Amino acid sequence: MKWSPLSLMPLVLAIESSCDETAVAILSGDRQQRTRILASEISSQIPLHQPHGGVVPELASRNHSLNLRPLIEQALRRAQVSIDQIDAFAATAGPGLSSSLLIGNTTAKALAAATRKPFLAINHLEGHLLSPFLLETCIPEHIALIISGGHTLLIKVRAAGDYTKLGSTRDDAAGEAFDKVAKMLGLPYPGGPNIEATAIDGDPLKYAFPRGLMHEAHLDFSFSGLKTSVLYSLPKIENLATSLNDLCASFQAAVIDVLLHKSLRALKQESMNHLALSGGVSLNQSLRKKFQTACDAAGITLSLSPPDLCTDNAAMIAFAGLIRHLQGKFDPLDSPIHPNLSLFH
Ligand code: KG4
Ligand code: ZN
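Numbers given to residues run from 1 along each chain, matching the order in which its sequence is written. Starting at A for chains and at 1 for ligands, labels are handed out in the order in which the entities are written. With the structure being a predicted model, the display of local features is reserved for residues of pLDDT at least 70 and the display and counting of side-chain atom pairs for 80 or more, all residues being used for whole-chain, interface and lining totals. Excluding hydrogens and water, the side-chain values take into account all heavy atoms of the structure.

**Quick word on the site of ligand 1**
The test is simple: A cutoff of 4 Å decides nearness: a residue is near a molecule or strand if any of its heavy atoms lies inside that distance of it. Polar contact criterion, stated in full: a pair of N or O atoms within 3.5 Å, where within protein one must be able to donate a hydrogen and the other to accept it, and residues adjacent in sequence count only if both atoms are side-chain atoms. Per-residue accessibility takes into account occlusion by the displayed protein chains alone, with areas from the Shrake-Rupley method and a 1.4 Å probe. A run of DSSP states H or I qualifies as a helix once it reaches four residues; a run of E qualifies as a strand once it reaches two. Both are numbered from the N-terminal end. For this classification, the nonpolar set comprises Ala, Val, Leu, Ile, Met, Phe, Trp, Tyr, Cys and Pro, the charged set comprises Asp, Glu, Lys and Arg, and every other residue, Gly included, is treated as polar.
Looking at ligand 1, there are 20 residues lining it, with Gly-149, Asp-179, Gly-192, Glu-196 and Gly-280 nearest. Between ligand 1 and the protein, one listed contact pairs an oxygen atom with a side-chain N or O atom of His-124 at 3.2 Å. Starting from 560 Å² of accessible surface for ligand 1 in isolation, the protein chains cover 88%. Every element with two or more residues in the shell around ligand 1 is listed here: α4 (124-130), α5 (174-184) and α6 (191-199). Looking at the shell around ligand 1 element by element, the count peaks at 4 residues for α6. Classifying every residue of the shell around ligand 1 by side-chain character gives 5 nonpolar, 12 polar and 3 charged.

Right, here's the structure in full:
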């Protein structure tokens, strides 16, 4: 799908509040028919949840309601636009924590009602899925791998809005495995970046952790066996502190191997030659390098989200909203949130 020219490019303000990040973004297009991020503000709650080792829903929703208004004002200031100039208001409708989704959703609806502009209810996963193409001029046919804290999904994308599920996790999501293994090893939340940092000078071949379901013909994933294997290896290690880097590197390599293997299998199965990665785990440098090397060798185009669009942000929600706006697909103000919203109909 090609974007429309600037004259038809609406200005979309989007709110993301599905989990622990409060985020507001304003998006538009420029004369090259590219999307332009006028503002992308994030108020991270990581320090707030860190002492609890994970996200506490009540703390998250309370802080969304405290942070949202100043963040919207900050976004408008940064974009140098007034609220009346916004053409549509988008918010994440799911999947996510219901008490968190409600804050952003209700605020976007209130702004839409007050300014008599349309409202767009956006699927958080569609935001991730489209994010590698936010600065491009079209959404090509491709295989999408979404790897976040809550999801691991392989999807065949024919066009924006036309998605077929090829595979998903049968237990933990890839990011969840990073977070749980980090907790086991005494590393702080969120686990992914801390495991990556610890793994830097580690030996990925030191521990032969299992690659769950890797050689099975289907495209589903399983990370619970890997997690248990890390747990069972701990009592056998004499000095955990000096082995931490090798443990992290070996665990990380096992996750990457499975993700890469299944992605290449999906491309082959669907006779496609374009792969796109999104979600927080796709920030991992070792993963990006291994995917790039494998794709280069196989003649596959690899699209990666810019680092600041990998983890939760509102620019990806605004982008999905912009596409829906151009398609004229709006949502009523009484549309509900869906904590378990699916991408597939
Ligand atoms: O996409 P995201 O921000 O939120 C969800 O929609 O879940 O993903 C968060 C997940 C967390 O599990 C976090 O540990 C993981 O992404 N993550 C990483 C890295 N940075 C964040 N995993 C591996 N390596 C990283 N550098
Ligand atoms: Zn996310």
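**A few points about helix α8 (residues 240-269)**
Worth spelling out the cut-off: A helix is expected to span 1.5 Å multiplied by its residue count minus one. Given a residue, its bend is the angle between the two axes fitted to the seven residues that end at it and to the seven that start from it. Remark: exposure states derive from per-residue accessible area (1.4 Å probe, protein chains only) relative to the maximum for the residue type, with buried under 20%, exposed over 50%, and partly exposed in between.
Taking 1.5 Å as the rise per residue, α8 with 30 residues should run 44 Å; its terminal C-alpha atoms sit 42 Å apart, in good agreement. Along α8, the largest kink reaches about 25° and is centred on Asp-246. Along α8, 21 of the 30 residues are buried, which leaves the element largely enclosed by surrounding structure. At the N-terminal boundary of α8, the capping side chain belongs to Asn-239, with an oxygen 3.2 Å from the backbone nitrogen of Ala-241. At the exit of α8 stands Ser-271, carrying a positive phi of roughly 50°.

**Here we look at the packing of α8 against helix α9 (residues 285-298)**
Note the threshold: Helix axes are fitted to C-alpha atoms over the stretch in contact, other axes to C-alpha atoms as well, and angles between N-to-C directions run from 0 to 180 degrees. The crossing is said to be left-handed when, going from far helix to near helix, the turn is anticlockwise and less than a right angle, and right-handed when the turn is clockwise. Any two residues having at least one pair of non-hydrogen atoms within 4.5 Å are treated as being in contact.
Packing of α8 against α9 leaves a shortest axis separation of 10 Å and a crossing angle of 35°. In the packing of α8 onto α9, the handedness of the crossing is right-handed. Facing α8, whose interface residues are Gln-252, Ala-253, Ile-256, Leu-259, Leu-260, Ser-263 and Leu-264, α9 presents Ser-286, Leu-287, Lys-290, Phe-291 and Ala-294. Residues of the contact of α8 with α9, tallied by class, amount to 8 nonpolar, 3 polar and 1 charged.

**Some thoughts on the coordination of the zinc ion (ligand 2)**
Selection criterion: For Na, K and Ca the donor cut-off is 3.2 Å, and for all other metals it is 2.8 Å, counting N, O and S atoms only; because water is absent from this set, sites may look incomplete. Angular criteria define each label, namely tetrahedral for four donors with all angles between 85 and 135 degrees, square planar for four and octahedral for six donors with opposite donors over 155 degrees apart and remaining angles between 65 and 115, and irregular for whatever fails these tests.
Surrounding the zinc ion (ligand 2) are the protein donor atoms His-124 (NE2), His-128 (NE2) and Asp-312 (OD), which sit 2.0 to 2.1 Å from the metal. One way to put it: the 4 donor atoms around the zinc ion (ligand 2) meet at angles of 98 to 131°, and that makes the site tetrahedral. In terms of primary sequence, the donors binding the zinc ion (ligand 2) are separated according to H-x3-H-x183-D. Here His-124, found in helix α4, pairs with Asp-312, found in the loop between β10 (301-304) and α10 (315-326); they are 188 residues apart in sequence, far enough to count as distant.

**Topic: the pairing of strand β4 (residues 88-94)**
Rule in force here: Two strands form a pair only when DSSP identifies at least two bridges running between them.
Counting buried positions over the 7 residues of β4 gives 7, a clear majority of the element. Strand direction decides the pairing type here: strand β1 (residues 12-16) and β4, joined by 4 bridges, are parallel. By the bridge assignment for β4, Leu-13 is matched with Phe-89. Sheet analysis places β4 next to strand β5 (residues 119-123), joined by 5 bridges and oriented parallel. Paired with Ala-90 across the two strands is Leu-120, which belongs to β5.

**Concerning the packing of aromatic side chains**
So the rule is basically this: In summary, the pairing rule links any two rings of Phe, Tyr or Trp, Trp by its six-membered ring, whose centres are within 6.5 Å, and it sorts them by plane angle into stacked for under 30 degrees, edge-to-face for over 60 and tilted for everything else.
Applying the stated criterion across every chain, the model contains 3 aromatic pairs. Seen in terms of ring centroids, Phe-178 and Phe-251 are 5.1 Å apart; in terms of plane orientation they differ by 80°. Their pairing is edge-to-face. Of the two residues, Phe-178 sits in helix α5 while Phe-251 sits in helix α8, which places them 73 residues apart along the sequence. Take Phe-251: its relative accessible area is 1%, and that puts it in the buried class.

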